[in-house]
Amino acid sequence: VPRSLFLSIPFPPPSPVQNRTARASPESATAIKGLVETIGHKILELRPKLRRRCLTPDLSWIRDSSAALINHCASSLAGKDITFVAKVDASNLPRKPVMKWLKGKWLDLASKAGKHLQFKETYDRNTKVYTYEMRIIKVKDGDAGGYRCEVTSKDICDTCAFEITVQGRLSLRDGRLITLLSFPIRRVSSLGERGRRPPTVTSLIQRPHSIREKKEEAPKEEVDVWEILKNAKPCDYEKIAFQYGITDLRGMLKRLKKMKFVPKKSDAFAKKLDPAYSVDKGKKVHMSVEITDPNAQLRWFKNGQEIKPSAKYVFENYGNRRTLTINKCNLSDDAAYECMIGDEKCFTELWVKEPPITITKPLTDITTVEGEKVEFEVEVSEEGASVKWMKDGVELNKEMAGSRYRFKKDGTRHILIINEATKEDIGTYYAITNGGESQAHLEVEDKPLEILQNLSDVSAEAGEQAVFKCEVSDENVTGKWFKDGVEVVPSDRIKISHIGRVHKLTIDDVVPSDDGEYTFVPDKYPVTLSAKLNFVEPPKIHMDTSCMDDKNTIMVVAGNKLRLDVEVTGEPAPTVCWMKGDQAVSPEGRVRVETVKTLSSFVIDGAEFRDEGPYSLVVTNSVGEDRIDMFIKVVDVPGPPENVRCSSVGEDCATVTWDAPAFLGGLPVKGYLMERKKVGSARWTKLNFDPYESNTYEAKKMIEGVAYEMRVFAVNSIGVSQPSGASQPFMPIAPTSEPTRLVVDEVTDTTCTLKWRPPEKIGAGGLDGYIIEYCKEGSKYTLSLEEGNQYKVKGLTMGDKLLFRVIAVNVAGRSPPATLSQAVTIKELLGQCPKIRLPRHLRTKLIVIVGEKVNLVIPFQGKPRPVVTWLKEGAPLDDKSVGIRNSEVDSILFIRSSERAHSGKYTLSVQIEKLTDSADIFIQVVDRPGPPTDVHVTDVWGFNAAVEWKPPKDDGNSEIIGYTIQKADKKTKEWFTVYEHSRRPSCTVSDLVMGNEYHFRVFSQNICGLSEAAGVSKNTAVITKTGLLYKPPPFPEQDMTSSPKFIAPLVNRSVTAGFTTAISCAVRGNPKPKIVWLKNNMIIGEDPKFLMQNNQGVLTLNIRKAGLFDGGRYSCRAVNALGEDEVECKLEIRGTPGASQSLAISSAQCRTCVIF
């Protein structure tokens, strides 16, 4: 058994006096010794420990011990405590054991933990023993019964059962002995054990006894319960268990199943049914037998009735094996079963275990009066459960209680109804289930005094009479009158009368002091009758109207808080109602009503325009009503003016206009305030201080050429609005002077080209462009706009005589025009011979790399416009990838992505009538060459190798200018360059290493670069030397692991606040240690102020812009699996000195700076 479990009985330690005066008999000592010897291999401790000098304990402690194990003889022992201790050896357990304390079959006592039942658990790490305690506080009769403690750990279980009998105590003065072995201890073997244990005291099942006085009786023969159970039928197991005090039926069945029965010889059955089967409610169970004749007819019976196959009862045959399966077992399946072959039978018993019914809602104590109906209600965990009702230990039922008691079930609710309760019904009532019980006390009191007419509240005005009258059922009852807890004394104004069952209090000439609560208290009865005298007066509103005008208008600025405090009087306290139109104002929210005693306040937090409207205050009570009306107007500053714009400018002035604001704020606008500022500046300058009423304003004293912006404010009686949006920038400027040197540059049959110079005086407004106007003599001008100093007028008619003029334009307007002295006749001028002006870089061959773009611009001249023709290799150019664009003065050849096919001779030809000029352009498109071919090693001698190859098949349309040769060791396979720019198709590679085998590869090279791929040698060069075999000595691997150790410590530093600083140290260790930075012994987390770096073991902590609070003690800790190390330093932050503003850094180099 991997652990031990025991139950210890709390023996109080005997006093020295008791040890000398009282001793147990030798029979008692022998019994206790036998108990210890029998279960000694299981018990770890017996509390309290007996004195070593004497095995026999002193029994005088029983006089003051708990009442849980002693016969009930004296009431003074009621309410004592008892403690049970169980210990579990967990040294061989895989996990912590789970302990359950149970009462009866299924009731888990953990659900009953509280003041009456307490549990405790401790663990001794040295001995690896768990100690579990259950303590019953103030034992009572309901605690009697069977208990067991069950400990489980994974698939191992152990159980110990015991019994508690609550009785009185016996006097020990006559010296008679007390039997200690009457307390039963039972144990169920662990699940998963193999074999049987040797018999122990815990394996014996005894009837429960209580500690009582030993009587002289004739010795009884010992009964072997297991022999009785083995020879009994399964249907008699429960009866035998009850007769001999066995409470753990599950443990009994398990033990009975493991016992070796002596089977009787059977001809029909090779293996009979087990003596008993156990199954949980709702589960299925299998009963199997093996028969000798597989063809024999087998029948199944339940309580003597034959079972037929169905969905619930399933018969299965497997060779000689016959199985009965019962699905979804319920309580009706708890019966005796038998199977029969011919005349031979075998029996078994099926136990259906039902979970205990627990009480979910207990009974509650009830106090009632005679004749009233009483209902005790309890709720249980399942519907249809059986609940037994008891009163003071006597079971209640309809036969014994007659019609006074009724029992009602409603689902899980069980109700006991008592009609017309009497004094005889006083007592304690119990509701008992198989999983628990609940109790409540019923108290029945005398019938109270009946009130026939109660007092009613009275309202009276000053000088009126108030009368309080009540009537009770007993005319002989007297009583007293009280006002607010003070007894009323009769006077000339206050009269008290008692006529029969009527009691009356009359108050004449009511005054305000009579207001209060009046109470009539009958003598000798716990009854009080109360009513109030309400002194009433009409309501009245006391409101200060100084804030209102003649029309009762109250004005409030939007966004401000409005609070109207109004005093309201009246008795009884009047009802105050604030109304906005026809709707009442809520007591909560932004617009609300606050009431404190007689003060009613109307509050608006942050007034809005929707709050404007008519309001009224109405106060009412039972006497009358008062009302006041008012109008609340919400006003605000106006909105900003809109559409601010500059309508005109002068040399030092500008005229600004704007529109009135869309929102006036509820009041008329008095005027406007203007401000201006220079563009790019943030400073606004006021132009006026008194409101300006017009919407047009002329700003003066402005600087020509400076851009300005304007904004406007609106003003009313509340204040100044927000500024309007800034106007578009404007500049006070004047137009420029006229353009100069206007001339005709070129005239054709349809065009005329004009040239001119800029105006001599441009001014601060700059120059935006020019307007060119032309017309025939005697007609109007036609406009054209041009930004440059040259313009070609197109679409003219040959032979027309035109006048031209040019006008400069800026933001200020048009300048005076510049005109020609005479009209221009539109006609063709004398022609020019065609001539190509070939650029210098195109006079030689143009080399282009594949993929690059080609853009050739070739100017030419000739009049009229020549005809341009492009040829390639003497044929017309029709390649769509080559673009041609011609103008009057040049021709452009464009290739977006050049290819090798674009190489060749291109010819440009220009022709005017019979005159022709041409030019040749040579374009060569080149690419990287291909790899060399046929690379091989021709000879190997000493430490040298000769390598040869052939030129590449593709030279990339360019001459091969060299080769690059590389070698690679077959072991490392790393390539190293041996020669570059080698022009010959062969080379000799020297300085090769003996014992290695080499590969070679060759790259070809032209003006574009190396080839993309290389030619690799087909064979290898092996450098060998005969007669030499080198055996390198074995290299022992060294253990490079080490614990962290700092090789460079942190150094104390003192820095100035506001500058970034850093502290550094160095550490080594293998495996790589984990680095932790700490400040004042606190770990620095992911704080963005700190930057932690680790560069090959050099650790640096950077502190950005260190402040005074960053000073302190910094430490660096390195940790790995082999250990840890730590260094620390002190960082002092100095405050910045109070230097003058002229302090500046003029230059800095390395780590020094010069400060002036």
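Just so we're clear, the structure is a prediction, and the values are computed from it rather than from any experiment. (Residues numbered from 1 in each chain as written. Predicted model: local features only at pLDDT ≥ 70, side-chain atom pairs only at ≥ 80, totals over all residues. Heavy atoms only, no water.)

(A) Geometry of the overall build of the chain. In terms of helices and strands, the chain carries six helices and 88 strands. For the chain, the proportion of its 1156 residues judged to be buried stands at 39%. Long-range contacts, defined here as pairs at least 24 residues apart, represent 63% of the contacts in the chain between residues at least 6 apart. In the form shown here, the chain has an accessible surface area of approximately 67,600 Å², with 50% of it arising from carbon and sulfur atoms. (Helix = DSSP H or I, 4+ residues; strand = E, 2+ residues; numbered from the N terminus. Buried < 20%, exposed > 50% of the residue type's maximum accessible area, 1.4 Å probe, protein only. Contact = heavy atoms within 4.5 Å. Areas by Shrake-Rupley, 256 points an atom, 1.4 Å probe, with all protein chains shown as cover.)

(B) Highlighting the environment of Thr696. Checked against the element boundaries, Thr696 lands in strand S49 (residues 696-699). According to the relative accessible area criterion, Thr696 is partly exposed, its value standing at 36%. Spatially, the C-alpha atom of Thr696 lies 9.9 Å from that of Arg645, the residues being 51 residues apart in sequence. Leaving out residues up to four positions away in the same chain, Thr696 has contacts with Thr655, Val656, Thr657 and Trp658.

(C) Focus on the sheet that holds strand S42 (residues 599-604). Pairing within the open sheet is antiparallel, and its four strands lie in the order S36-S38-S42-S41. The sheet is open, and its two edges are formed by strand S36 (537-542) and strand S41 (591-596), each paired on a single side. Averaged over all pairs of adjacent strands, the angle between strand axes in this sheet comes to 20°, irrespective of strand direction. As paired strands, S41 and S42 are joined by six bridges and run antiparallel to one another. By the bridge assignment, Val596 is partnered in S42 with Leu599. (Pairing = 2+ DSSP bridges. Axes fitted to C-alpha atoms, helices over the stretch in contact; angles between N-to-C directions.)

(D) A look at the sheet that holds strand S32 (residues 494-499). Taking strand neighbours across the sheet as the criterion, the four strands line up as S27-S29-S33-S32 in an open arrangement whose pairing is antiparallel. Strands with a single pairing partner mark the edges of an open sheet, and in this sheet they are strand S27 (451-453) and S32. Recorded for the sheet is a direction-independent mean angle of 20° between the axes of neighbouring strands. Judged from the two bridges that link them, S27 and strand S29 (residues 466-472) form a sheet pairing that is antiparallel. Across the sheet, the residue bridging to Ile451 is Val472, located in S29.

(E) The arrangement of the environment of Val486 in detail. Looking at the secondary structure, you find Val486 in strand S31 (residues 486-487). Along the chain, Val486 and Tyr518 lie 32 residues apart, while their C-alpha atoms are 9.2 Å from each other.

(F) Inspection of the nonpolar core at higher detail. Counting residues in hydrophobic clusters, the biggest one holds 24 residues, and the most contacted among them are Phe269, Met287, Ile326 and Leu350. Mapped by element, the contributors of at least two residues to this core are strand S10 (276-280), strand S11 (285-291), strand S15 (321-326), strand S16 (336-341) and strand S17 (344-353). Residue contacts for Leu350: discarding those within four places in its chain leaves Tyr277, Val279, Val285, Met287, Ile326, Asp333, Asp334, Ala335 and Tyr337. (Core = buried A, V, L, I, M, F, W, Y, C linked by side-chain atoms within 4.5 Å.)

(G) Representation of the pattern of salt bridges in the model. On inspection of all chains with the given rule, the structure shows 39 salt bridges. Between Lys483 and Asp484 there is a salt bridge whose closest N-O contact spans 3.4 Å. Taking relative accessible area as the criterion, Asp484 reaches 48% and is therefore assigned partly exposed. The network of salt bridges with shared partners includes Lys561, Arg563, Asp565, Arg592, Glu594 and Asp605. (Salt bridge = Lys/Arg side-chain N within 4 Å of Asp/Glu carboxyl O.)

(H) Here's a closer look at the confidence of the model for the chain. Across the chain, the average pLDDT comes to 80, with 83% of residues at or above 70. Taken together, the stretch residues 1-78 has pLDDT below 50 and engages in 168 contacts with residues farther than four places along the chain or on a different chain. Long-range and interchain partners of residues 169-220, a stretch whose pLDDT sits below 50, account for 133 contacts in this model, where long-range means more than four residues apart. (pLDDT = per-residue confidence, 0-100.)

(I) Just the packing of aromatic side chains, in detail. Applying the stated rule across the entire model yields 16 aromatic pairs. Ring centres 5.0 Å apart and planes at 85° place the aromatic pair Phe609 and Phe663 in the edge-to-face group. With a gap of 54 residues between them, Phe609 in the loop between S42 and strand S43 (613-620) and Phe663 in the loop between strand S46 (654-659) and strand S47 (671-678) connect regions that are remote in the sequence. Look at Phe609 and you get partly exposed, because its relative accessible area is 33%. The rings of Phe84, Trp101, Tyr147 and Phe162 are connected pair by pair, giving a single aromatic cluster. Sitting over the face of the ring of Trp684, Lys677 holds its NZ or CZ atom 5.3 Å from the ring centroid. (Phe/Tyr/Trp six-rings, centres within 6.5 Å; stacked < 30°, edge-to-face > 60°. Lys NZ or Arg CZ within 6 Å of the ring centre and 35° of its normal.)

(J) Structural context of the side chain of Thr348. Topologically, Thr348 is positioned in strand S17. What makes Thr348 buried here is its relative accessible area of 1%. Polar side-chain contacts of Thr348 include one of 2.7 Å to the backbone oxygen of Asp274. From its side chain, Thr348 meets the backbone oxygen of Pro275 in a polar contact 3.4 Å long. In this structure, Thr348 is in contact with Pro234, Leu273, Asp274, Pro275, Ala276, Tyr277, Met287, Ala336 and Tyr337, ignoring residues within four places of it in sequence. (Polar contact = N/O pair within 3.5 Å; in protein donor to acceptor, adjacent residues only side chain to side chain.)

(K) Just the pairing of strand S69 (residues 933-941), in detail. Alignment of S69 against strand S70 (residues 944-950), held across six bridges, turns out to be antiparallel. Of the residues in S70, the one forming a bridge with Thr933 is Lys950. Connecting S69 to the next strand, S70, in antiparallel fashion are two residues, including Gly942 with a positive phi near 55°.

(L) Region of the structure containing the pairing of strand S6 (residues 145-153). Across the nine residues of S6, eight count as buried, placing the element largely inside the fold. Relative to S6, strand S2 (residues 98-103) runs antiparallel, the two being bridged by six bridges. Bridge assignment links Met99 to a residue of S6, and that residue is Val151. As defined by bridge partners, S6 adjoins strand S7 (residues 156-164) across nine bridges and the pair is classed as antiparallel. Following the sheet pairing, Val151 is matched in S7 by Asp158. In this structure, the hairpin formed by S6 and S7 is closed by a connection of two residues, where Lys154 is found at a positive phi of approximately 60°.

(M) Region of the structure containing the environment of Glu738. Relative to the helices and strands, Glu738 resides in the loop between strand S50 (708-715) and strand S51 (740-747). Given a relative accessible area of 35%, Glu738 falls into the partly exposed group. In this structure the C-alpha to C-alpha distance between Glu738 and Pro758, which are 20 residues apart in sequence, comes to 8.1 Å. Setting aside anything within four residues of it in sequence, one finds Glu738 in contact with Pro759, Glu760, Ser815, Pro816, Pro817 and Ala818.

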